[in-house]
Amino acid sequence: MAAAAAISLSFHFRFRPPFPSPRTPTRHAPFSLFSPSLLAPCRLRVAPGRPSPSPWRPDVRARAGSTIGAPPALVRPGGAVETDRLPSDVRDRAMEAVDHFGGRVTIGDVASRAGLQLAQAERALQALAADTEGFLEVSEDGEVLYVFPKDYRAKLAGKSFRMRVEPLVDKAKQVGAYLVRVSFGTALIASIVLVYTTIIAILSSSSTSSSTSSDEDGRGRRRRSYGSTIIIPTDMFWYLDADYYRRRRVENENGMNFIESVFSFVFGDGDPNDGLEEKRWKMIGQYISSNGGVVTAEELAPFLDVPPPSEESKDDESFVLPVLLRFQGHPEIDEQGNILYRFPSLQRTASSKSGRSREYVGTKWSAMFSGVEKYLEEKPWKFSKANATEKAMVAGLGGLNLFGVIILGNLLKQMTVTPGGLISFAAQLYPLLQIYAGSFFAIPLFRWFLLRKTNNGIKKRNKAREQRAQELVSPDSSLRRKLLSARDMAERKVITPEEIVYTTEKDLLEQDYEVKEWERRFKELESE
């Protein structure tokens, strides 16, 4: 007992550096036990026979001792905020996953929920834990969990200057983007006013004094006429809304205002599939995790860019490779010779939510996904969200501007005297007026042809994914056996609090580890 009492126990955690260099993947988390009764330390592998973890999985080493120091902390070199080194989308998606699982997660939980690569998820968890006083838990078979306090977001916001500034930067970007839209629309009004005012000035300068007075009256009437028809300059400040890009995602039954419709007619309304890749990987990660980490290629096909089902593409499963690389999966062969894909990191979770059962194939698979997207659907591009009346008005004013620019060009060529004042100003801007008037129709025409080709490709991809999803609703006998085999091989390991053997939240003395219990557990691991 005296010898046993002299045994000390400490844990050492080695974390991945922010920018790791390539190296040989780490083996399973090893334990080193030093005992006076042994001549040499005995190194044991936790959970032998399981697939090798990710190259950056932390090593957990334990050794016994009677003097126990403070538990290892997550070191922040130089006091820097580690989270600020992460891309904003990676940080936000990781935090959303942490919130979803209640603040206690594995790397696989975050990777599957957020659609991140395993290395990205691990780096994000390490940075968040370092900055928010999170701590680690280690299960008896060497699995590492990250646990965060309930107020970790507030703690992070208090430390990270970048997180406090980002909302202001985003707001400034939205305002800048909307000002560009407003500028392009108001440029149409300004161009029409300048062109036709200059035309009137040129015609007036070549008339007699009496006719000049008459023309000036007519010019005034025309100016008032244009002003009464186009009331946009007075309405511009009413429509100047910095939240345009957020509002434009909600369809407005009454259409959009004129300033918006001008830009929409010429340049469109942005990519309708913005964030599609993020959505794709979230759907794939959550599907794999919910099905115990073992799936077939047919189950992944509805979320990927795949060819339509045919005899030629029946045996081609190369489209699965990006999924294997992202979530570090590998193929396995079942007893019937079917190729299945296992993702070990997505099989270990801290969530107690039940996974899919063996019966969820065929029509029950469809019922299980009731109300949920069964395949990844891309949205077709629209030429413009403006309604028919708004587009007709914009096209009409654009045509009026183009006609005026042509007339103005002919008048400037026929002038024999050097113009001055407004006419001189218009003559200097004439090349820009030509470019604006021409691009006002050239750009939409080019977009129209481009969108036809783009939408044809989107339609084909959506149809192919829909057909692949339909195969899962009504599988043939061979596919059904393959799906059932995947369910049989599924293994969803839920790490419960009872399995935790160490946590950095407490001092080791408080955790009441007995030497005999450690020796018993190590002997059990060695005998496996």
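Residues numbered from 1 in each chain as written. Predicted model: local features only at pLDDT ≥ 70, side-chain atom pairs only at ≥ 80, totals over all residues. Heavy atoms only, no water.

Trainee: Would you explain the overall build of the chain in this entry?
Mentor: Regarding its fold elements, the chain presents 18 helices and 13 strands. A total of 528 residues make up the chain; the buried ones form 45% of that total. Excluding contacts between residues fewer than 6 apart, the proportion of contacts in the chain whose partners are at least 24 apart in sequence is 78%. Carbon and sulfur atoms form 57% of the exposed surface of the chain, whose accessible area is close to 27,900 Å². (Helix = DSSP H or I, 4+ residues; strand = E, 2+ residues; numbered from the N terminus. Buried < 20%, exposed > 50% of the residue type's maximum accessible area, 1.4 Å probe, protein only. Contact = heavy atoms within 4.5 Å. Areas by Shrake-Rupley, 256 points an atom, 1.4 Å probe, with all protein chains shown as cover.)

Trainee: Honestly, the UniProt feature "transmembrane region" (unreviewed entry) in the chain in this entry has me stumped. Any pointers?
Mentor: Those residues carrying the UniProt feature "transmembrane region" (unreviewed entry) are residues 178-203, 392-412 and 432-451 in this numbering. Between the first and last C-alpha atoms of residues 178-203 the distance is 38 Å; the span itself is 100% helix and 0% strand. Taken end to end, residues 432-451 has its terminal C-alpha atoms 28 Å apart, with 100% of it in helix and 0% in strand. (UniProt positions renumbered as here; feature names shortened; annotations may be inferred.)

Trainee: Quick question: what am I supposed to make of the pairing of strand 10 (residues 339-342) here?
Mentor: Each regular strand shows side chains that alternate between the opposite faces of the sheet. Two strands pair when backbone bridges link them, and strand 8 (residues 294-295) and strand 10 are joined in this way by 2 bridges, in the antiparallel orientation. Across the sheet, the residue bridging to valine 294 is arginine 342, located in strand 10. Direction of pairing for strand 9 (residues 330-333) relative to strand 10: antiparallel, over a ladder of 4 bridges. Among the inter-strand pairings, proline 331 is bridged to a residue of strand 10, identified as tyrosine 341. Where strand 9 hands over to strand 10, the hairpin turn is made up of 5 residues, of which glycine 337 adopts a positive phi near 85°. (Pairing = 2+ DSSP bridges.)

Trainee: It is not clear to me how the sheet that holds strand 13 (residues 500-503) should be interpreted in this structure. Could you clarify?
Mentor: Strand pairs in the sheet, formed through backbone hydrogen bonds, run parallel or antiparallel to each other. Taken in spatial order, the 4 strands make up an open sheet running 5-7-6-13, and their pairing is antiparallel. Two strands lie at the open edges of the sheet, namely strand 5 (104-105) and strand 13, each paired on one side alone. Relative to strand 7 (residues 144-147), strand 6 (residues 135-139) runs antiparallel, the two sharing 4 bridges. Note that in strand 7 the partner of valine 138 across the bridge is valine 144.

Trainee: How should the packing of helix 6 (residues 161-205) against helix 10 (residues 258-267) be read in this particular structure?
Mentor: For any two helices packed against each other, the geometry comes down to the angle between their axes and how far apart the axes lie. Taken N-terminus to C-terminus, the directions of helix 6 and helix 10 make an angle of 95°; their axes are 8 Å apart at the nearest point. Judged by the angle between their axes, helix 6 and helix 10 are roughly perpendicular. On helix 10, the residues that touch Tyr178, Val180, Arg181, Val182, Phe184, Gly185, Thr186, Leu188 and Ile189 of helix 6 are Phe258, Ile259, Glu260, Val262, Phe263, Ser264, Val266 and Phe267. Looking at the contact of helix 6 with helix 10 residue by residue, the class counts come to 12 nonpolar, 3 polar and 2 charged. (Axes fitted to C-alpha atoms, helices over the stretch in contact; angles between N-to-C directions. Parallel < 35°, antiparallel > 145°, perpendicular 65-115°, else oblique. Nonpolar A, V, L, I, M, F, W, Y, C, P; charged D, E, K, R; others polar.)

Trainee: How do you make sense of the environment of glycine 102 when you look at a structure like this?
Mentor: Turning to its location among the elements, glycine 102 is positioned in the loop between helix 2 (88-100) and strand 5. Judged by its relative accessible area of 64%, glycine 102 is exposed. Along the sequence, glycine 102 and lysine 150 sit 48 residues apart, while their C-alpha atoms lie 8.4 Å from each other.

Trainee: I would appreciate a short explanation of the pattern of salt bridges in the present structure.
Mentor: Two side chains that carry opposite charge are able to pair once their charged atoms sit near each other. Per the stated rule, a full pass over the model turns up 24 salt bridges. Between arginine 85 and glutamate 82 there is a salt bridge, and its shortest N-O distance comes to 3.7 Å. Classification of glutamate 82 as buried rests on a relative accessible area of 6%. With its nearest N and O atoms 3.9 Å apart, the salt bridge here joins glutamate 278 to arginine 93. Of this pair, glutamate 278 sits in helix 11 (residues 276-290) while arginine 93 sits in helix 2; the two residues are 185 residues apart in sequence, bridging distant segments of the chain. When its relative accessible area of 10% is taken as the criterion, arginine 93 is described as buried. The structure contains a network of salt bridges with shared partners spanning Glu277, Arg280, Asp305, Glu378, Arg461 and Arg465. (Salt bridge = Lys/Arg side-chain N within 4 Å of Asp/Glu carboxyl O.)

Trainee: Would you explain the side chain of aspartate 109 in this entry?
Mentor: Looking at the element boundaries, aspartate 109 is found in helix 3 (residues 107-114). It is arginine 492 that comes nearest to the buried, bridge-free aspartate 109 among opposite-charge side chains, at 6.0 Å. In terms of polar contacts, aspartate 109 uses its side chain to reach the backbone amide nitrogen of alanine 350, at 2.9 Å. The contact partners of aspartate 109, leaving out residues within four places of it in the chain, are Phe101, Arg348, Thr349, Ala350 and Ser351. (Lys, Arg positive; Asp, Glu negative; His and termini not counted. Polar contact = N/O pair within 3.5 Å; in protein donor to acceptor, adjacent residues only side chain to side chain.)

Trainee: Honestly, a negative patch on the surface in this entry has me stumped. Any pointers?
Mentor: Judged by side-chain charge, Glu311, Glu312, Asp315 and Asp316 come together as a negatively charged surface patch. Looking at the secondary structure, you find aspartate 315 in the loop between helix 12 (297-300) and helix 13 (321-327). In this structure aspartate 315 comes out as exposed when scored by relative accessible area, which is 70%. (Patch = residues over 30% accessible without salt bridge, like charges linked within 9 Å, V, L, I, M, F, W, Y side chains within 5 Å. Charge placed at Lys NZ, Arg CZ, Asp CG, Glu CD.)

Trainee: Looking at this structure, I do not really get the packing of aromatic side chains. What am I missing?
Mentor: Note on aromatic pairs: each is described by the distance of the centres and the angle between the planes. Overall, the coordinates contain 13 aromatic pairs when judged by the stated rule. Ring geometry for phenylalanine 148 and tyrosine 152: centres 5.6 Å apart, planes at 45°, overall tilted. Residue phenylalanine 148 shares its accessibility class with tyrosine 152, and that shared class is buried. Here the aromatic cluster, defined as three or more aromatic residues joined through ring pairs, consists of Phe184, Phe263, Phe265, Phe267, Phe383, Tyr436, Phe440 and Phe441. A cation over an aromatic ring shows up here: arginine 447 above the ring of phenylalanine 383, its NZ or CZ 4.6 Å from the ring centre. (Phe/Tyr/Trp six-rings, centres within 6.5 Å; stacked < 30°, edge-to-face > 60°. Lys NZ or Arg CZ within 6 Å of the ring centre and 35° of its normal.)

Trainee: Quick question: what am I supposed to make of unusual backbone geometry here?
Mentor: Trans peptide bonds make up the majority, and among non-glycine residues the majority have a negative phi. A positive phi is found at glutamate 133, a non-glycine position, where the angle reads about 60°. Position of glutamate 133 relative to the elements: it lies in the loop between helix 4 (118-132) and strand 6. Residue classification places glutamate 133 among the exposed positions, given a relative accessible area of 55%. Backbone geometry at glutamine 328 places phi at a positive 55°, although glycine is not the residue there. Relative to the assigned elements, glutamine 328 resides in the loop between helix 13 and strand 9.

Trainee: Looking at this structure, how should I read a nonpolar patch on the surface?
Mentor: Residues Leu445, Trp448 and Phe449 make up a contiguous nonpolar surface patch of roughly 330 Å² in combined accessible area. Mapped onto the fold, tryptophan 448 is located in helix 16 (residues 422-473). Tryptophan 448 gets classed as partly exposed once you look at its relative accessible area, which sits at 38%.

Trainee: Sorry, what's going on with the environment of tyrosine 375 here?
Mentor: In this structure, tyrosine 375 sits in the loop between helix 14 (363-368) and helix 15 (388-414). Separated by 87 residues in sequence, tyrosine 375 and asparagine 462 place their C-alpha atoms 8.4 Å apart. In contact with tyrosine 375, other than residues within four places in its own chain, are Met283, Pro302, Phe303, Asn462, Arg465, Glu466 and Ala469.

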